[in-house]
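Structure at a glance
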Amino acid sequence: MRLDKFLQVSRLIKRRTVANSICSRGRVSVNGHPAKAGKELSVGDVLSIDFGEEEPAVYEVLDVPSGNVPRGKSSTLYRRINESADSE
C-alpha cells in the first residue's frame, strides 16, 4: 500500500491530499529515509512524521490492509513508538 493511502486509512492524517502534501515537503520518513507519497509500505516499517511538534511522532506499521478500514480498526494498523512524548 502507498504511504499516502496508509496515512489516510490509518487515520494518522485526515485526508490523502494532505498526506501527499506532507510527504512532498519531506516531513515523512520511512525507516530513516525521506519518503515520497508513492512509497510502498510493508509490515515492520517505521514511520516518522513531523507534525511541527518538538519531536516527530514515530510509528511502527503492524498491518498493511488491502483496502479501506473501519474506523474502530484503524488504530490496530500501527503502534506509536515514542510514547514518552505524549506524557509531557
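That block above? That's the structure.
Quick look at the structure, then. (Residues numbered from 1 in each chain as written. Predicted model: local features only at pLDDT ≥ 70, side-chain atom pairs only at ≥ 80, totals over all residues. Heavy atoms only, no water.)

Here the focus is the nonpolar core. Nonpolar side chains in soluble globular proteins tend to be buried together. Core analysis: the largest hydrophobic core is formed by 23 residues, its most contacted members being L3, F6, L7, L12, L41 and L47. With four residues, helix α1 (residues 3–9) is the largest single contributor of residues to this core. (Core = buried A, V, L, I, M, F, W, Y, C linked by side-chain atoms within 4.5 Å. Buried < 20%, exposed > 50% of the residue type's maximum accessible area, 1.4 Å probe, protein only. Helix = DSSP H or I, 4+ residues; strand = E, 2+ residues; numbered from the N terminus.)

On to unusual backbone geometry, then. One non-glycine residue, R11, lies in positive phi territory at about 65°. If you trace the backbone, R11 turns up in the loop between α1 and α2 (16–24). Take R11: its relative accessible area is 39%, and that puts it in the partly exposed class. Here N31, not a glycine, exhibits a phi torsion of approximately 55°, which is positive. Assignment of secondary structure puts N31 in the loop between β1 (28–30) and β2 (33–34).

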